[in-house]
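Breakdown of the fold
The residues making up each chain are set out below.
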Amino acid sequence: MEIGIVGLPNVGKSTLFNAITKAGAECANYPFCTIEPNVGIVSVPDERLDFLSKIEKPQKVIPATIKFVDIAGLTKGASKGEGLGNKFLSHIREVDAILNVVRCFEDSNIVHVEGSIDPIRDVEIITLELILADMEVIERRLQKTSKLARNDKKAAFEVEVLEKIKKGLDEGKPVRALQFTEEEKSFVSQLMLLTSKPVMYVANISEEDLISGEENQYVKQLKEYAEKENSQVLVISAKIEEELASLSDEERNELLREYGLAEPGLNNIIRHGYSLLGLITFFTAGPKEVHAWTIKKGTKAPQAAGKIHSDFEKGFIRAEVISYEDLVKAGSQAAAREMGLMRLEGKDYVMQDGDVVVFRFNV
Ligand SMILES: Nc1nc2c(ncn2[C@@H]2O[C@H](COP(=O)(O)OP(=O)(O)O)[C@@H](O)[C@H]2O)c(=O)[nH]1
Ligand SMILES: [Mg+2]
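Values in this document were obtained by computation on a predicted structure and should not be read as measured data.

**A short note on the overall build of the protein**
If you tally the helices and strands in the protein, you get 15 helices and 13 strands. Taking 2.2 N^0.38 as the reference for a compact globule, 363 residues should give roughly 21 Å; the C-alpha atoms of the protein span a radius of gyration of 23 Å, in line with that estimate. Counting across all 363 residues of the protein, residues that qualify as buried make up 49%. Restricting the contact set of the protein to residue pairs at least 6 apart, pairs at least 24 apart contribute 69%. On the protein, roughly 18400 Å² of surface is accessible, and the fraction owed to carbon and sulfur atoms is 49%. Of note, the protein has its 46 positive side-chain charges centred 7 Å away from the centre of its 58 negative side-chain charges.

**Overview of the UniProt feature "binding site: ATP" (unreviewed entry) in the protein**
Here the UniProt-annotated "binding site: ATP" (unreviewed entry) positions come out as Asn10, Val11, Gly12, Lys13, Ser14 and Thr15. Following the sequence through the fold, lysine 13 ends up in helix H1 (residues 13-26). Once you skip the residues sitting within four places of it in the chain, lysine 13 turns out to touch Ile5, Val6, Gly7, Leu8, Asp70, Ile71, Ala72 and Val101. Among residues more than four places away in sequence, those in contact with threonine 15 are Ala238, Lys239 and Glu242.

**Concerning the site of ligand 1**
Taken together, the neighbourhood of ligand 1 is formed by 17 residues, with Asn10, Lys13, Ser14, Thr15 and Asp107 sitting nearest. Measuring from an oxygen atom of ligand 1, one finds a backbone N or O atom of asparagine 10 at 2.7 Å. With respect to ligand 1, the side chain of threonine 15 contributes an N or O atom lying 2.6 Å from an oxygen atom. In isolation ligand 1 exposes 580 Å². Once the protein is present, 79% of that is buried. Residue contributions to the shell around ligand 1 peak at three residues, all from H1. Its residues assigned to classes, the shell around ligand 1 comprises seven nonpolar, six polar and four charged.

**A closer look at the pairing of strand S1 (residues 2-6)**
In terms of burial, S1 is a largely internal element, five of the five residues being buried. Where S1 meets strand S5 (residues 65-70), four bridges bridge the pair, whose relative direction is parallel. Considered in S5, the bridge of isoleucine 5 is made with aspartate 70. Alignment of S1 against strand S6 (residues 97-103), held across four bridges, turns out to be parallel. Bridged to valine 6 within S6 is asparagine 100.

**Quick look at the environment of tyrosine 349**
Mapped onto the fold, tyrosine 349 is located in the loop between strand S12 (343-345) and strand S13 (356-361). Its relative accessible area of 12% is what places tyrosine 349 among the buried residues. Distance in space between the C-alpha atoms of tyrosine 349 and proline 302 is 8.5 Å, their sequence separation being 47 residues. Leaving out residues up to four positions away in the same chain, tyrosine 349 has contacts with Thr299, Lys300, Ala301, Val321, Arg343 and Asp355. For tyrosine 349, the side chain forms a polar contact with the side chain of arginine 343, separated by 3.3 Å.

**Considerations on the packing of helix H4 (residues 119-148) against helix H5 (residues 153-170)**
At a closest axis distance of 9 Å, the pairing of H4 and H5 adopts a crossing angle of 155 degrees. Taken as axis vectors, H4 and H5 run roughly antiparallel relative to one another. Considering how the two elements wind past one another, H4 and H5 form a crossing that is left-handed. Taken together, the residues of H5 that come into contact with H4 (itself represented by Ile131, Asp134, Met135, Ile138, Glu139, Arg141, Leu142, Thr145, Ser146 and Leu148) are Ala155, Glu158, Val159, Leu162, Glu163, Ile165, Lys166, Leu169 and Asp170. A breakdown of the residues in the contact of H4 with H5 according to their chemical character gives ten nonpolar, two polar and seven charged.

**Describing the nonpolar core**
Leu16, Ile66, Phe68, Ile92, Leu99, Tyr201 and Ile269 are the most contacted members of the largest nonpolar core, which has 81 residues in total. Every residue in contact with isoleucine 269, bar those within four places of it in the chain, is listed here: Leu16, Phe68, Leu99, Met200, Val202, Leu234 and Ile236. Counting 19 residues, the second largest nonpolar core, distinct from the first, contains Ile131, Leu169, Leu178 and Phe187.

**Overview of the environment of serine 231**
Residue position: serine 231 is located in the loop between helix H8 (217-228) and strand S8 (232-236). Placed 30 residues apart in sequence, serine 231 and tyrosine 201 show a C-alpha to C-alpha distance of 7.4 Å.

**Thoughts on the packing of helix H9 (residues 238-245) against helix H10 (residues 249-259)**
Where H9 contacts H10, the two axes come as close as 9 Å, and the packing angle between them is 150 degrees. In terms of their interaxial angle, H9 and H10 are classed as roughly antiparallel. Contacts from Ile240, Glu243, Leu244 and Ala245 in H9 reach Arg252, Leu255, Leu256 and Tyr259 in H10. Of the residues contributing to the contact of H9 with H10, the split by class is six nonpolar, no polar and two charged.

**A word on the pattern of salt bridges**
This model, assessed by the stated rule, comprises 26 salt bridges. As a salt-bridge pair, lysine 60 and glutamate 289 come within 3.8 Å of each other at their nearest N and O atoms. Highlighted residues: lysine 60 in strand S4 (residues 60-62) and glutamate 289 in strand S10 (residues 289-296), separated in sequence by 229 residues. Owing to a relative accessible area of 47%, lysine 60 belongs among the partly exposed residues under this scheme. Judged by its relative accessible area of 25%, glutamate 289 falls in the partly exposed class. Note that aspartate 122 is salt-bridged to arginine 121, the shortest N-O span being 3.0 Å. We classify aspartate 122 as buried; its relative accessible area is 4%. Classification of arginine 121 by relative accessible area gives partly exposed; the value is 21%. In the salt-bridge network here, residues are joined through shared partners; they are Arg318, Glu320, Arg337 and Arg360.

What counts and what doesn't
- Residues numbered from 1 in each chain as written.
- Chains lettered and ligands numbered in written order.
- Predicted model: local features only at pLDDT ≥ 70, side-chain atom pairs only at ≥ 80, totals over all residues.
- Heavy atoms only, no water.
- Helix = DSSP H or I, 4+ residues; strand = E, 2+ residues; numbered from the N terminus.
- Rg over C-alpha atoms; globule rule 2.2 N^0.38 Å.
- Buried < 20%, exposed > 50% of the residue type's maximum accessible area, 1.4 Å probe, protein only.
- Contact = heavy atoms within 4.5 Å.
- Areas by Shrake-Rupley, 256 points an atom, 1.4 Å probe, with all protein chains shown as cover.
- Lys, Arg positive; Asp, Glu negative; His and termini not counted.
- Charge placed at Lys NZ, Arg CZ, Asp CG, Glu CD.
- UniProt positions renumbered as here; feature names shortened; annotations may be inferred.
- Near = heavy atom within 4 Å.
- Polar contact = N/O pair within 3.5 Å; in protein donor to acceptor, adjacent residues only side chain to side chain.
- Nonpolar A, V, L, I, M, F, W, Y, C, P; charged D, E, K, R; others polar.
- Pairing = 2+ DSSP bridges.
- Axes fitted to C-alpha atoms, helices over the stretch in contact; angles between N-to-C directions.
- Parallel < 35°, antiparallel > 145°, perpendicular 65-115°, else oblique.
- Left-handed = near helix turned anticlockwise from the far one by under 90°.
- Core = buried A, V, L, I, M, F, W, Y, C linked by side-chain atoms within 4.5 Å.
- Salt bridge = Lys/Arg side-chain N within 4 Å of Asp/Glu carboxyl O.

Written as structure tokens, this is what we have:
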């Protein structure tokens, strides 16, 4: 699962990406890797791991991770192949969610491609390019499918859905804003449309505004806009994040205190990104290893077990589950069992975020 960082040129995408990769490099517990210069993996900050480590004193702690991709090259006309247009679009097709960085800082030394700071205009330029790219896909598909639709029920159904999407795109609506039945949804997901991906906005503000804590007009505008489409806005200063990420723990804490921040804004982005992807975490915890495992919301116990090992899924008998809250209450897994806080769950159990699990299986 990966998140693509998009936005107009000079809004702070790479600055934010550098902060992410530096933070990744800092994390001793996870073997950080830069797969390609624009792809970074970072661990998901999770205080539950700290608690589990405290009670289990494991040899190893393995956090959940998330992949970010810095996608350069989106400008007006990208859908027509201008700039890095087509390359950009193929990169974005591969990601599971989009983080749209929006410039909300003034700095006369840094050129804005559109000549002024205007978050809504910027967001709309990007959305429009994605809509145009989707439109092309839909029209091509319509041409092919409508030929078959007369004698083929499935094709006729697909044409109906394609027409519905086309109408939405024509009205400037991203596919994620349209309503579909379950049956339609499964067809729509096959189309890999750019505007069907979940989106979150990052307002990149100046260091001064971040430190003063006052919301500038650009952020206000962006929040109002995002609220209408049920999207989230996270406010950061990419410059400060980059600086924070390059410091030692001690220096970082000192600087955070000085700025009056509880934690780096990056942590917030990573956590929100994780949930934007529809992911939750379950844990296995013992003296050898405390491990955060990533699953899709709605995953059942046997498939969750299969994340650990395919034998766990094949030979699944049951899951012994303690919720994280119950574990905190009890203080240890043994105490939770004694207090009757451990549940036995079968193959239809839907895993919950924070479950601490032992899987029983035979092979
Ligand atoms: N003053 C200020 N400059 C920033 C901030 N974020 C990024 N920049 C600068 O803006 C320029 C473009 O940033 P970059 O991250 O390369 O933008 P990208 O084109 O979106 O990847 C660089 O010179 C950054 O140092 C910020 O929060 N404040
Ligand atoms: Mg860049």
